[in-house]
Each structure stands twice: as C-alpha cells, then as structure tokens.
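Fold and contact review
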Amino acid sequence: KYVLHLKSLVTHLDETTLLLPTDPMGYKVFRAMRGPELGYEAIYLPDILSCNAVVIELGDKSDTTKKVALVQDSTCETTRQRLQEACEERNMELRFVNTSELAKKDAALT
C-alpha cells in the first residue's frame, strides 16, 4: 500500500502526539521518523482517513485560546473513541468534518 502524501498518513495532534494508522505502514513510518526516540506518543487509528487532522487555535493570543482538532469524519467507532479520548486528555475540542465530496477525488484535509 502506498501513500501519495505523508500528511495523509501522519499528523500532529499536538507538539508530542502523532496520529497514525493501525497498519504496517503506520508502524513503519513511526519508527522511520524515530518517534519513540524523540519522545512522541503515537495514537493508532483503524480509519486511515482520520489520521489526517488539522488543529487550529481559536481566540485572541492575549486571551484564553481554545484548540480544536478538525478530523475527517469516520464511521469507525474505535477511531472516534480514540480521538475523543485523546482530545479530552489534551483539553481540545474535537470536530468531525464531513469530507465525502473530497473523498470522491481522493483528496484530504490540508
């Protein structure tokens, strides 16, 4: 299985957490990136499309900012649960985005 864009396979949830798929490519990429040695935590997701997340900060820098993870929607309950738990642990809001139109063209969030 090949991946056209690394961003479609692995993304940062925060400064020390990476989202990766639960397939051989996900484990291989994490090792190749030296994730364990560099202190990264890996969150493995069964739905590869949900590994492609965008995290934004809402609010004024002088005020309290709120981090929001925008993730491609998934019907996989395990993926949804792992993402929800990871976001709650990091005090982030999780929003699933309907990307059905993007999927028709093999596109992804960037």
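Scroll up to find the structure this text is about.
Residues numbered from 1 in each chain as written. Predicted model: local features only at pLDDT ≥ 70, side-chain atom pairs only at ≥ 80, totals over all residues. Heavy atoms only, no water.

**Notes on the sheet that holds strand β2 (residues 17-21)**
Spatially, three strands are ordered β1-β2-β3 in an open sheet, and the strand pairing comes out mixed. At either margin of the open sheet sits one strand with a lone partner, and together these are β1 (11-14) and β3 (41-45). Adjacent strand axes in the sheet meet at a mean angle of 35° when their direction is disregarded. Both β2 and β3 contribute to a ladder of five bridges, which runs parallel. Residue pairing across strands places P21 opposite L45, the latter belonging to β3. In the packing of helix α1 (residues 24-32) onto the sheet, contacts are made with β2 and β3, and the angle to β2 comes to roughly 145°. Strand contacts of helix α2 (residues 77-89): β1, β2 and β3, with the helix running at about 150° to β3, the strand carrying the most contacts. (Pairing = 2+ DSSP bridges. Helix = DSSP H or I, 4+ residues; strand = E, 2+ residues; numbered from the N terminus. Axes fitted to C-alpha atoms, helices over the stretch in contact; angles between N-to-C directions. Contact = heavy atoms within 4.5 Å.)

**Let's talk about α1**
Taken residue by residue, α1 has G26, V29 and F30 as its buried positions. Each buried residue of α1 lies within a common arc of 100° when the element is viewed along its axis, so the set occupies one face. Residues of α1 that are exposed and angled more than 90 degrees away from the buried face: P24, K28, R31 and A32. If you follow the buried residues of α1, they end up packed against β2 and β3. N-capping of α1 is provided by D23, with a side-chain oxygen placed 3.1 Å from the backbone N of M25. A positive phi of about 60° marks R34, the residue just after α1. (Buried < 20%, exposed > 50% of the residue type's maximum accessible area, 1.4 Å probe, protein only. Arc of directions from axis to C-beta. Polar contact = N/O pair within 3.5 Å; in protein donor to acceptor, adjacent residues only side chain to side chain.)

**What to know about the side chain of T17**
Structurally, T17 can be placed in strand β2. Of the polar contacts made by the side chain of T17, one reaches the side chain of R90; its length is 3.2 Å. Those residues in contact with T17 that lie beyond four places of it in its chain are T11, H12, Y40, E41, I43 and R90.

**Observations regarding the nonpolar core**
Of all hydrophobic cores here, the largest spans 13 residues; its most connected members are L13, L19 and A69. Listed by contribution, the elements that provide at least two residues to this core are β3, β5 (66-72) and α2. Per element, the largest residue contribution to this core is three residues, and it comes from α2. Beyond its immediate chain neighbours, meaning those up to four positions away, L19 contacts L9, V10, T11, L13, I43, L45, S50, C51, A53 and L83. (Core = buried A, V, L, I, M, F, W, Y, C linked by side-chain atoms within 4.5 Å.)

**Examining the pairing of β1**
Two strands pair when backbone bridges link them, and β1 and β2 are joined in this way by three bridges, in the antiparallel orientation. Considered in β2, the bridge of H12 is made with L18. With antiparallel pairing between neighbouring strands as the criterion, β1 and β2 make up a hairpin whose turn holds two residues.

**Details of the packing of aromatic side chains**
Scanning all chains against the criterion turns up two aromatic pairs. When the centroid spacing of 6.3 Å and the interplanar angle of 85° are considered together, the rings of F30 and Y44 count as edge-to-face. One end of the pair, F30, is in helix α1; the other, Y44, is in strand β3, with 14 residues separating them in the sequence. By way of ring pairs, the aromatic residues Y27, F30 and Y44 are connected into one cluster. Seen from the ring of F96, R80 lies directly overhead, with NZ or CZ sitting 4.0 Å from the centre. (Phe/Tyr/Trp six-rings, centres within 6.5 Å; stacked < 30°, edge-to-face > 60°. Lys NZ or Arg CZ within 6 Å of the ring centre and 35° of its normal.)

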